[in-house]
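Okay, here's what each chain looks like letter by letter:
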Amino acid sequence: MKDVLQELKKRRENARLGGGIDRIEAQHSKGKLTARERIEILMDQDSFEEFDMFVTHRCNDFDMEQSKTAGDGVVTGWGTINGRMVYVFSQDFTVFGGSLSETHAQKICKIMDMAIQNGAPVIGLNDSGGARIQEGVASLAGYAEVFQRNVMASGVIPQISVIMGPCAGGAVYSPAMTDFIFMVKDSSYMFVTGPDVVKTVTNEVVTAEELGGASTHTKRSSVADAAFENDIEALLEVRRLVDLLPLNNRGKVPVRPFFDDPNRIESSLDTLIPDNPNTPYDMQELIEKLADEGDFYEIQGEFAKNIITGFVRLEGQTVGVVANQPMVLAGCLDIDSSRKAARFVRFCDAFEIPILTLVDVPGFLPGTSQEYGGVIKHGAKLLFAYGEATVPKVTVITRKAYGGAYDVMSSKHLRGDFNYAWPTAEIAVMGAKGATEIIHRADLGDKEKISKHAQEYEDRFANPFIAAERGFIDEVIQPRSTRKRVSRAFAALRNKKLKNPWKKHDNIPL
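So, a few notes on the structure that sits alongside this text. Please read all numbers here as calculations on a predicted model, not as lab measurements. (Residues numbered from 1 in each chain as written. Predicted model: local features only at pLDDT ≥ 70, side-chain atom pairs only at ≥ 80, totals over all residues. Heavy atoms only, no water.)

1. Structural notes on the packing of aromatic side chains
Next, step 1: Taken as a whole and assessed by the stated rule, the structure comprises ten aromatic pairs.
Next, step 2: Measuring from centroid to centroid gives 5.0 Å for Y189 and F191, while their planes differ by 20°, and the two rings are stacked.
Next, step 3: On the accessibility criterion, Y189 (27% relative accessible area) is partly exposed.
Next, step 4: Between F347 and F351 the ring centres are 4.9 Å apart and the planes differ by 40°, which places this aromatic pair in the tilted class. By the burial criterion, F347 is buried, and F351 matches it.
Next, step 5: Members of the aromatic cluster, each reached through a chain of ring pairs, are F180, F311, F344, F347 and F351.
Next, step 6: The ring of F93 has K32 sitting right over it, with the charged end atom 4.6 Å from the ring centre. (Phe/Tyr/Trp six-rings, centres within 6.5 Å; stacked < 30°, edge-to-face > 60°. Buried < 20%, exposed > 50% of the residue type's maximum accessible area, 1.4 Å probe, protein only. Lys NZ or Arg CZ within 6 Å of the ring centre and 35° of its normal.)

In structure tokens form, the structure reads like this:
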């Protein structure tokens, strides 16, 4: 018995070494942690239970049978984050460059199947050179098996991808189907074809960082949701995100103790809106003053900054926030902001996370580039997302809500539950100047008359009361009492039940 236990201990020690001391040191020299070190930081102490530690590949081509490492380049298992169960796989770059083989894929598929079955999030720590070339189509089949599970898990359990090294070719499509993608600055990149192939095919000279680095994907492509300075910061932020999410689509949003009075009055909000309707203000200030303890977890903060998405807690419960940002493009909706917000709204709806919408939108961004880029269809994505959402929806219009953008931003007509407006709200088809020039086209040559007409239009429509008279706004509230009113609204909606007509699935305008 003693010999058997000694053998087990020895095998475990060898498996934990992955590709060996030299490769571990090479990983550290690049500022990267090993697969197991990452899991230690991500999980609660001593909570990780590993699966398939001794699995090896089955390839006999290219003399591969002479090089077998226990674990086959990926560490898989389950554990807890702040006491809540999650499943994780962490690719080990020290073993065949973390490349995906048939058995490597089977290990990942096993824990994804278990995550779906047991209703817990799955977190993938990606650090891989791609498909293992020596295995040919078997490794490609392995990727497809993982992809299929990403599809089946979508909307059932939260899926989080952390890109902590290279992620190229077919490897990028698994993270692309997950709910959140985090990257590490200067050490991670994602692309379908690398710089060498790009140069060969298109003659473009580009670095890996420019082509698929963290900056590219957080600011330009919107592939990634956030980028962090190093492995440790990224993993700690994943822990923070998991704290905000339900474990699955049948579970409730997590509730944590809170120390912030739901009835807190925030007098500074009475002066948040500038006297000049064309002067911007920072919507982030409002979000932080509404949130428990001022804590706001922003999603995709570097992309489409004219709209803000992220999570807050109200009375200890997670709420998704979508807010126009007047500091950028006057808060207009455009292609990028519509896509960004639509995806976020659909995630919240899939996992029963209530949605708070803060509105200050002068309309959709005009221009040929927007029209040629399909702003009609992209804008419809956000409209569709709000219209199909059955979760509690509370909307606060702070200033402008013009035209179709008023409809899109969780209006009463899209089954908004509580729709509030500040006294500074302006709900109309368009601004006074544009409306006057259309209605009183005959007087365009007379500045005095046009000015008078504009003032009349403003007096009549640049307020929330006509919408309130028709019941499209439930209440005009004092800005200072917004936290109290919003908190009470969500409390009133905790038992909301709403179902859409039966369908196999919808056909969102993609």
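2. Some remarks on the pattern of salt bridges
Next, step 1: Applying the stated criterion to the full structure yields 26 salt bridges.
Next, step 2: The shortest N-O distance in the salt bridge between R239 and D44 comes to 3.1 Å. A residue pair is termed long-range when its members are at least 10 positions apart, and R239 in helix α10 (residues 231-244) and D44 in the loop between α3 (35-42) and β1 (49-51) qualify at 195 residues. Taken as a pair, R239 and D44 share a single burial class, namely buried.
Next, step 3: E315 serves as the salt-bridge partner of R494, at 3.7 Å between the closest nitrogen and oxygen. (Salt bridge = Lys/Arg side-chain N within 4 Å of Asp/Glu carboxyl O. Helix = DSSP H or I, 4+ residues; strand = E, 2+ residues; numbered from the N terminus.)

3. Some points on the nonpolar core
Next, step 1: Core analysis: the largest hydrophobic core is formed by 60 residues, its most contacted members being I123, L125, F311, L382 and I397.
Next, step 2: The contact partners of L382, leaving out residues within four places of it in the chain, are L333, S338, A341, A342, V345, V408 and M409. (Core = buried A, V, L, I, M, F, W, Y, C linked by side-chain atoms within 4.5 Å. Contact = heavy atoms within 4.5 Å.)

4. Regarding the environment of V328
Next, step 1: When you line up the elements, V328 lands in the loop between β12 (317-324) and α12 (335-350).
Next, step 2: Among all residues touching V328, those that are not within four sequence positions of it are K305 and N306.

5. Topic: the environment of G316
Next, step 1: Relative to the helices and strands, G316 resides in the loop between β11 (307-314) and β12.
Next, step 2: For G316, a relative accessible area of 0% corresponds to the buried category.
Next, step 3: Spatially, the C-alpha atoms of G316 and F147 are 35 Å apart, while their sequence positions differ by 169 residues.

6. Focus on α10
Note: α-helices contain 3.6 residues per turn, so residues at a spacing of three or four share the same orientation.
Next, step 1: The end-to-end C-alpha distance of α10 is 21 Å, a good match for the 20 Å that 14 residues give at a rise of 1.5 Å each.
Next, step 2: In this structure N230 caps α10, since a side-chain oxygen of it lies 3.2 Å from the backbone nitrogen of I232. (Expected span 1.5 Å × (residues − 1). Polar contact = N/O pair within 3.5 Å; in protein donor to acceptor, adjacent residues only side chain to side chain.)

7. Points about unusual backbone geometry
Next, step 1: Phi is positive for E315, which is not a glycine, with a value near 55°.
Next, step 2: Inspection of the secondary structure puts E315 in the loop between β11 and β12.
Next, step 3: Of note, S410 is a non-glycine position whose phi angle comes to about 55°, a positive value.
Next, step 4: With respect to the helices, strands and loops of the structure, S410 is situated in the loop between α15 (403-408) and β15 (418-421).

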